[in-house]
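# Close look at the chain arrangement
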Amino acid sequence: MVKNYFLKMFAGIAFLGLLTACNTTSDPTESIPNPDDGPPPKRVLAKVSSNNVSQEEYTTMAVTGDLQTSLSKDEFAAGSAYFTGTITYTNKNITKVKYVSSAASSLVYEFNIVPDATGKKIYNATSTATGATPSVSVVSDYAFTYDSVTSKLTKILEKRKEGGISAYNRFIDYSFVYNGNNVIQVVCSKGLLDINGNPNMTTAVVSKYSFQNYDAQKSPYSTLPSVYFITRSLMSPVNFYKISPNNPTSMFIELPSPATPVNTAQSYSYDNQGYVVVEKNQNMTFTYKNL
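Residues numbered from 1 in each chain as written. Predicted model: local features only at pLDDT ≥ 70, side-chain atom pairs only at ≥ 80, totals over all residues. Heavy atoms only, no water.

## Quick word on helix α2 (residues 226–235)
In terms of burial, α2 is largely enclosed, as 9 of its 10 residues are buried. Inspection of α2 places Val227, Tyr228, Phe229, Ile230, Thr231, Arg232, Ser233, Leu234 and Met235 among the buried residues, and these make up the whole buried set. (Buried < 20%, exposed > 50% of the residue type's maximum accessible area, 1.4 Å probe, protein only. Helix = DSSP H or I, 4+ residues; strand = E, 2+ residues; numbered from the N terminus.)

## Topic: the nonpolar core
Ranked by size, the top nonpolar core spans 50 residues in total, and within it Ile156, Tyr174 and Phe211 carry the most contacts. The biggest single contributor to this core is α2, with 6 residues. The contact partners of isoleucine 156, leaving out residues within four places of it in the chain, are Tyr142, Ala143, Phe144, Ile172, Asp173, Tyr174, Phe176, Ile230, Leu234 and Phe240. (Core = buried A, V, L, I, M, F, W, Y, C linked by side-chain atoms within 4.5 Å. Contact = heavy atoms within 4.5 Å.)

## Structural notes on the side chain of serine 244
Note that serine 244 resides in the loop between α2 and β13 (250–254). Reaching out from serine 244, the side chain makes a polar contact with the backbone nitrogen of valine 183 at a distance of 2.9 Å. Only 3.2 Å separates the side chain of serine 244 from the side chain of tyrosine 214, close enough to count as a polar contact. In this view, serine 244 contacts Asn181, Asn182, Val183, Tyr214 and Ser219; residues no more than four positions away in its chain are not counted. (Polar contact = N/O pair within 3.5 Å; in protein donor to acceptor, adjacent residues only side chain to side chain.)

## A short note on the packing of aromatic side chains
For the coordinates displayed, the defined rule picks out 18 aromatic pairs. Summarising the aromatic geometry, the rings of tyrosine 99 and tyrosine 228 are spaced 6.1 Å apart at their centres and angled 45° between planes, so their arrangement reads as tilted. Of this pair, tyrosine 99 sits in strand β5 (residues 93–101) while tyrosine 228 sits in helix α2, and the two are 129 residues apart along the sequence. For tyrosine 99, a relative accessible area of 0% gives the class buried. For tyrosine 228, a relative accessible area of 1% translates into the label buried. For the ring pair tyrosine 275 and tyrosine 288, a centre distance of 5.4 Å and an interplane angle of 55° mean the geometry is tilted. One end of the pair, tyrosine 275, is in the loop between β15 (268–270) and β16 (276–279); the other, tyrosine 288, is in strand β17 (residues 284–290), and 13 residues separate them in sequence. Take tyrosine 275: its relative accessible area is 12%, and that puts it in the buried class. For lysine 73, the ring lying beneath its charged end belongs to tyrosine 82, and the centroid distance is 5.0 Å. One cation-aromatic arrangement involves lysine 121 over tyrosine 146; the distance from NZ or CZ to the ring centre is 4.5 Å. (Phe/Tyr/Trp six-rings, centres within 6.5 Å; stacked < 30°, edge-to-face > 60°. Lys NZ or Arg CZ within 6 Å of the ring centre and 35° of its normal.)

Structure (structure tokens):
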């Protein structure tokens with residue numbers, strides 16, 4: 001009996017040893033935790049296409065993601081003309097953006113920017129829009145106003161020299177309305193300056209650009225500098241929604257009479273990081289580059 005007991009105990013110990021060996025050697029991956037993939041790579045918008053035709057392209061530095069050049073549709077020319085934008089930096093801040101169109105009839109725009117201490121806002125700026133003759137060229141001076149509490153951009157006052165006149169004679173007042181951090185409306189009032197160089201609002205013609213019903217996902221344009229999109233929007237205010245962190249699901253544009261107001265709906269698909277990859281209504285696709 002004692003002999004049988006010890007034989008059984010020895011067999012049991014041997015069996016447990018065999019199980020332990022199987023667990024540690026036969027499938028070594030079972031005892032190694034899955035590797036941590038880490039945070040997803042930072043990304044930056046590279047291209048926007050509509051029906052497989054390029055609408056916007058952005059060239060950025062490989063590591064930093066700093067915007068170097070852009071390509072965007074020239075909304076002032078018929079056909080397939082594009083503006084090429086070239087961005088210049090001083091001490092890592094954007095200080096110049098120049099736009100040259102492939103259409104000979106379009107103006108050449110050059111913005112010279114004085115950034116604030118953070119480099120993320122514009123303190124003031126000037127621009128020249130140069131045409132074939134002085135009579136179609138424009139020289140502009142911009143004053144930027146920010147909310148003292150939220151630091152949001154609330155107004156841009158543009159004083160312009162138009163028609164070859166050497167003194168500032170016209171203005172555009174851009175006033176911003178927000179919902180949270182998203183721009184929901186920009187009111188553009190364009191008129192004449194009085195004899196003291198101040199806007200005469202009684203002469204103003206008003207256009208309204210409303211960006212409505214934002215989603216809670218990431219705007220593809222938030223991966224690029226807002227300073228760039230402000231300059232692009234001063235050429236065409238319909239772009240001002242691109243300085244918002246989220247995506248509008250409709251736009252309502254009211255231009256002066258006799259133009260008919262235009263309402264455009266937008267619906268999106270997103271990737272697993274919350275970035276827009278498709279805008280369904282206009283068949284827009286968004287392509288990103290990982291940094």
